[in-house]
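Below, each chain spelled out in residue letters.
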Amino acid sequence: MDISYKRSMNDTYMVISGEEIRERDTYQTRILLENQVHGLLPCKIQKVNGEELFYYEITGCQSLKNLFENKKFDRKELENLLISVLRIMEALDEYLLNRDYLLLQPSCIFCSKENKEYYFVWIPALEGRIEEEFRQLTEYILPKIDHTDKEAVALGYGIYKESTESNMRMDALKKQMYASQEKSVHSGWEDSVQEEGEEQEERQRILDDFYKEEEGEENRILGKIGTIVCVIAAAGVFWAVRNIRISASFYFLAAAGIAVVVGGGIGGIYFWKSRKNKEERLESTQYIQETEVQEEEIADGYEEEMGATMLLRERRTTQAYLEKLGQENPERYVLEREITVIGKWRENVDIWLNVPTVSRLHAKIVRKEQKDFLMDINSRNGTMLNNTWLDPEQEYGLENGDIIVFAQEKFRYVFLGGERSHGLQ
């Protein structure tokens, strides 16, 4: 399977061809070309020199690979992606389309800049298996997860473990995704997912209120019992004074003794009940925290595993930079990384260009074998190299003195040579 990219006047396409792809006059092909399935990229087929080419429109979209080049998945973003994958699989089942024709490579999953929804590539008669595609997707996701987000780590690692099972089922994946919320996912996808922390706080509050009410009720019962005993004791003393001729000091001592016995008994019962309630509350609190502890153990296990398999990435020391033209004192952007992303999404790019015509993720420069390559990443207004428009997602070698234009921003590429060193990036 060969993938290329074409830009027309207003639209951008990902073009897929290959010997293993054949357009068929079948129900599945007709459904694809009629664009009936929400979540699939709009597609059309063109024949060039007898070869069938599948054109998927990706205008206004960024691939998952480019979107998370310098960005990490948090819990919300990971859930959004996984829900989209499960949703498209359900849609394929609804239209009786083969799941095995779905591509889940990061370069073939696209997110719309407008509505933040994910769109997928589905090719009729393409040999493959959805289980293997999904497993490879989870392997891509793992090192891209924000390790400070314990919920994201637990979710990502749990999904990965499910994907490695030989009999992977979508129901199991759904269950894993929503285990912490204890909610099932239905086909309407209408239930909102409540944050786990809020649920735990709410459950703890309800539990505290329950125990307070219970303890208050028990205290009221003990108070009533004490009052009744005291009334009975007072009545007995009054009767004895009227009917039995004994010294007054005896009655006083008897009344005091009865009061001590009754008060001590009530106090002992109260102390015993309070201790018992405290133990029950502690057990309940520990039970509530059990899920959180389990997820932290999973997260720690994942981080330990990832730490053991961390790869060394190259950080270069070459003296290459972009020099902005049209200024008296031109700004210089040193190309320090193996991959340098250019755009106006300040939090997730290496070279920030605060210009309206520049896309959030506009282009990137990739270092390979002592040479830099420029790639437009499906920007809205395009990238030029020496007055030539670049096709998106294609690598173009850079030479010292080349002129690059990102939308309207013009730069000169300067390369002064040097070597690369190895280290953690």
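Residues numbered from 1 in each chain as written. Predicted model: local features only at pLDDT ≥ 70, side-chain atom pairs only at ≥ 80, totals over all residues. Heavy atoms only, no water.

## Quick look at the confidence of the model for the protein
The line we're drawing: Each residue carries a pLDDT score, the predictor's own confidence in it, on a scale running from 0 to 100. We count a stretch as a helix when DSSP gives it H or I for four or more residues in a row; a strand needs E for two or more, and each element gets its number in order from the N terminus. A contact between two residues is defined here by any heavy atoms of the two lying within 4.5 Å.
Per-residue confidence for the protein averages 75 on the pLDDT scale, and 61% of its residues sit at or above 70. Here strand S21 (residues 420-423) is the element of the protein with the lowest mean pLDDT, 39, and strand S19 (residues 403-406) is the one with the highest, 95. Within the model, pLDDT remains below 50 along residues 180-196, and this stretch shows 32 contacts once partners closer than five positions in the same chain are excluded. Scored below 50 in pLDDT, residues 419-425 makes 30 contacts in the model with residues more than four places away or belonging to other chains.

## Points about the side chain of Asp372
The condition is simple: Counting of polar contacts relies on pairs of N or O atoms within 3.5 Å, with two restrictions inside protein: one atom must be capable of donating a hydrogen and the other of accepting it, and residues adjacent in sequence are counted only when both atoms are side-chain atoms.
Looking at the secondary structure, you find Asp372 in strand S15 (residues 371-376). Within the structure, Asp372 has its side chain in polar contact with the side chain of Tyr413 (distance 2.6 Å).

## Some words on helix H3 (residues 75-94)
Residues lying three or four places apart along an α-helix face the same way, a consequence of the helix completing one turn every 3.6 residues. Put simply, the test is: The span you would expect from a helix comes to 1.5 Å times its residue count less one. Relative accessibility decides the category of a residue: with a 1.4 Å probe and only protein chains considered, values under 20% of the type maximum give buried, values over 50% give exposed, and everything between is partly exposed.
Taking 1.5 Å as the rise per residue, H3 with 20 residues should run 28 Å; its terminal C-alpha atoms sit 28 Å apart, in good agreement. Along H3, 14 of the 20 residues are buried, which leaves the element largely enclosed by surrounding structure. For H3, the capping residue at the N-terminal end is Asp74, with a side-chain oxygen 3.2 Å from the backbone nitrogen of Lys76. Where H3 ends, the next residue or the one after it, Leu96, has phi of about 60 degrees, a positive value.

## Some words on the sheet that holds strand S8 (residues 118-122)
Let me state the cut-off plainly: A pair of strands is treated as paired once DSSP finds two or more bridges between them. Axes here refer to lines fitted to C-alpha atoms; in helices the fit is confined to the stretch in contact. Angles between the N-to-C directions go from 0 to 180 degrees.
Overall, antiparallel pairing links the four strands, which are arranged S5-S7-S8-S6 in an open sheet. Strands with a single pairing partner mark the edges of an open sheet, and in this sheet they are strand S5 (61-63) and strand S6 (102-103). In terms of strand pairing, strand S7 (residues 109-112) meets S8 through three bridges, oriented antiparallel. Along S8, the bridge assignment pairs Cys111 with Tyr118. Sheet strands touched by H3: S6, S7 and S8. Its angle to S8, the strand with the most contacts, is close to 45 degrees.

## Some points on the sheet that holds strand S2 (residues 12-17)
One open sheet accounts for four strands, arranged S1-S2-S4-S3; its pairing is antiparallel. Two strands in the sheet have a free side with no partner beyond their single neighbour: strand S1 (2-7) and strand S3 (43-48). Adjacent strand axes in the sheet meet at a mean angle of 30 degrees when their direction is disregarded. In the sheet, S2 pairs with strand S4 (residues 51-57) via four bridges, with the strands oriented antiparallel. Bridge pairing in S4 places Ile16 opposite Phe54.

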